[in-house]
Amino acid sequence: MICPRCRFEFDDDKLYCPNCGAEVHIVPEYNIMDEDIIPDIVSDHRKKSKKTGAEIRNKKSEKHSLPSHFIFIICFFALAMIALITILISSYMNSYKYFYSKGMEMYANKSYSSATSFLIRAVKSNPDSANAVSLLGRARYKSGDRNGAEEDLFKAYKMTDGNDYDALKFLLLIYSSDGDMGSIRKLKTMPHSKKSGALLSSYVTSLPGFSLSEGEYEGNQKLELNTTEPYKIYYTLDGSDPGIHNGHIYDKPIVLKSGSTIVSAVLISDNNHAGPVVRKTYKIYYDKPSDPVVAPESGEYDTSQAITISAGDGIEIYYTLDGSDPDTSSSLYTDPVPMPDGNNVLSCIAYDPVNKMYSNIVRYNYIYNPQ
C-alpha cells in the first residue's frame, strides 16, 4: 500500500503509515479510469442526457401549446368581429346619416347633381327629416330642376311651420322669377316665424289701383293711381315695364291726352322687390268744336245790324268778311261785329286751342244798304 500523504510504501495490513502516521484506507490498486466501465458510464450518461433533453422539450412544448378547442374559440371570435365590423360599415354606408353628410359635402363643393343623388337616398331613409328635404330642394334648384325644387322646398317649409328660412328664400326666388304672386300670397297666409315674416313682407303681391277703367274717352282725362300698401308706385306711359331705373314715381294725377296711351304701373317695396305689373290702355279722342252760331241770318238789311258769333267755353272764333277761309291768323272775335255796307260774306270758324282742332267754316251773306 502507498501512503497518500508521503507516498511511503508499506504492507497492506497497516491502518496507519509507519513513516508519517497518516490514516489510510484500503483502496484497490487498479486505476478505475483505465477500466472499460468508463465508456459505458459516459454512454449511459449521454443517453440519459438525450432522454432528459427530449423530455424537457416535450414538457416545454406541452407547457406552451394551447388546446385545440381554445384555438377554435379564438378563431370564431376573430371572424365574428370581422363580420360585425363589416356589417357596421355596410350599415353606416346605407344610413341616413351617411347619405345626408355626403349630400352636404357635395352641396358645399357645388357638385349639385351628386348632392341631389345622395339627398334623395337620405330622404328615402328618413322622410321626416326637414333638413334633408330642404337641402334636396336647394340642390335641385341649383341643378335646374325647378319643379322638383319647388315641391321639396314647399314641403320643408310646411314641415317646419314656416321656420325654414333658407327654403323660403329659394321659394321666393322661384315664384318671383315666374311672376307667381299667387303662390307668394299663399305663403303669407301660412304659419311662419318672425324672420320669415319679415322677408315675406318685403315681397309685393298687391296691385296698384287705377281710377279709370281702360277704354276710350273724349277729351283729356286725369288718371289717379293708388295703393293701400306702404309701397311706392312706379309707372311708364309707353308700355314698358316700370322700375326704379325705368319709370316715374307716382306723386300726382297723370293727364291723358289725345291718342292711345299704355299706362304700366307697379308697386315696389323698400327692399326693391316689385309686385306684378298692371297695364291699361286708354284712347283719348276729341270732337272738333261745334260750328259757331251767328246772328242775324243772311239777307238784305237797310238798318244797321250788329253781328254776334258764339261757341263753347274755351273756344276761340276767327272770321273774315271777304269770303276767304279763316284761320288763327284771321280776326279774333271778341265783340259783336258791325255789319259792313254793301254785299259781304262773313266766314267764321271755331278753334279749340287745347286740342288744336277747328270746326267747320260757317258763311253768312249780308247785303246792307243804309237808307
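Everything below is about the structure shown above.
Residues numbered from 1 in each chain as written. Predicted model: local features only at pLDDT ≥ 70, side-chain atom pairs only at ≥ 80, totals over all residues. Heavy atoms only, no water.

A. Structural context of the side chain of Thr116. Along the chain, Thr116 turns up in helix H4 (residues 112-125). When neighbours within four sequence positions are excluded, Thr116 is seen to be in contact with Leu136, Ala139, Arg140 and Ser143. (Helix = DSSP H or I, 4+ residues; strand = E, 2+ residues; numbered from the N terminus. Contact = heavy atoms within 4.5 Å.)

B. Looking closely at the sheet that holds strand S10 (residues 293-295). In spatial order, the strands read S10-S12-S15; together these three strands make up an open sheet with antiparallel pairing. Two strands lie at the open edges of the sheet, namely S10 and strand S15 (337-338), each paired on one side alone. Pairing of S10 with strand S12 (residues 306-310), which is carried by three bridges, proceeds in the antiparallel orientation. Following the sheet pairing, Ala295 is matched in S12 by Thr308. (Pairing = 2+ DSSP bridges.)

C. The arrangement of the pattern of salt bridges in detail. The full count for this structure, using the stated rule, is eight salt bridges. A salt bridge links Glu105 to Lys102, with the shortest nitrogen-to-oxygen separation between them at 3.5 Å. Taken together, the residues span about one helical turn, with Glu105 and Lys102 both in helix H3 (residues 96-108) at a distance of three residues. The partner of Arg140 in a salt bridge is Asp145, and the shortest N-O contact between them spans 3.8 Å. Assessed through its relative accessible area of 34%, Asp145 is described here as partly exposed. Here the salt bridges do not stand alone but share partners, grouping Arg138, Asp166 and Lys169 into one network. (Salt bridge = Lys/Arg side-chain N within 4 Å of Asp/Glu carboxyl O. Buried < 20%, exposed > 50% of the residue type's maximum accessible area, 1.4 Å probe, protein only.)

D. A look at the environment of Pro336. In this fold, Pro336 is placed in the loop between strand S14 (331-332) and S15. Sequence-wise, Pro336 and Thr308 are 28 residues apart; in three dimensions their C-alpha atoms are separated by 4.7 Å. The contacts of Pro336, once residues within four sequence positions are left out, are Ala306, Ile307 and Thr308.

E. Main features of the packing of helix H7 (residues 165-178) against helix H9 (residues 194-201). Contact geometry of H7 with H9 gives a least axis separation of 10 Å together with a crossing angle of 15 degrees. The orientation of H7 relative to H9 falls into the category roughly parallel. For H7 against H9, the interelement crossing comes out right-handed. Along its contact with H7, which presents Tyr165, Leu168, Lys169 and Leu172, the element H9 presents Lys195, Ser196, Leu199 and Leu200. Partitioned by chemical class, the residues of the contact of H7 with H9 number five nonpolar, one polar and two charged. (Axes fitted to C-alpha atoms, helices over the stretch in contact; angles between N-to-C directions. Parallel < 35°, antiparallel > 145°, perpendicular 65-115°, else oblique. Left-handed = near helix turned anticlockwise from the far one by under 90°. Nonpolar A, V, L, I, M, F, W, Y, C, P; charged D, E, K, R; others polar.)

F. Up close: the packing of H3 against H4. Running from N to C, H3 and H4 cross one another at 155 degrees; their axes reach a closest spacing of 8 Å. Classified by the angle their axes make, H3 and H4 are roughly antiparallel. Judged by the twist between their axes, the crossing of H3 over H4 is left-handed. Between H3 and H4, the residues in contact are Tyr96, Tyr98, Phe99, Tyr100, Lys102, Gly103, Met106 and Tyr107 and Tyr112, Ser114, Ala115, Phe118, Leu119, Arg121, Ala122 and Ser125, respectively. Its residues assigned to classes, the contact of H3 with H4 comprises 11 nonpolar, three polar and two charged.

G. Representation of the nonpolar core within the structure. Counting residues in hydrophobic clusters, the biggest one holds 34 residues, and the most contacted among them are Tyr157, Leu172 and Leu187. With seven residues, the single largest contributor to this core is H7. Ignoring anything within four residues of it in the chain, the contact list for Leu172 reads Ile184, Leu187, Leu199, Leu200 and Tyr203. (Core = buried A, V, L, I, M, F, W, Y, C linked by side-chain atoms within 4.5 Å.)

H. How the structure looks around a nonpolar patch on the surface. Taken together, the side chains of Met81, Leu84, Ile85, Leu88, Ile89 and Met93 present a nonpolar region at the surface, about 560 Å² in accessible area. Tracing the backbone shows Leu84 in helix H2 (residues 68-93). (Patch = residues over 30% accessible without salt bridge, like charges linked within 9 Å, V, L, I, M, F, W, Y side chains within 5 Å. Areas by Shrake-Rupley, 256 points an atom, 1.4 Å probe, with all protein chains shown as cover.)

I. Structural context of H3. Compared with the 18 Å implied by 1.5 Å per residue over 13 residues, the 18 Å span of H3 between its first and last C-alpha is a close match. Three or more residues of H3 are buried, namely Tyr98, Phe99, Tyr100, Gly103, Met106 and Tyr107. Among the residues trailing H3, Lys110 stands out with phi positive, at a value near 65 degrees. (Expected span 1.5 Å × (residues − 1).)

J. Spatial organisation of the pairing of S12. Burial along S12 is one-sided: Ile307 and Ile309 are buried, and none of Ala306, Thr308 and Ser310, which face the opposite way, are. Strand direction decides the pairing type here: S12 and S15, joined by two bridges, are antiparallel. Residue pairing in the sheet places Ala306 in a bridge with Pro338 of S15.

K. Examining the sheet that holds strand S5 (residues 232-236) more closely. In spatial order, the strands read S2-S9-S8-S5-S6; together these five strands make up an open sheet with mixed pairing. The open sheet has two edge strands, strand S2 (215-218) and strand S6 (248-249), and neither has a second partner. For S5 and S6, the ladder comprises two bridges, and the chain directions are antiparallel. Of the residues in S6, the one forming a bridge with Tyr235 is His248.

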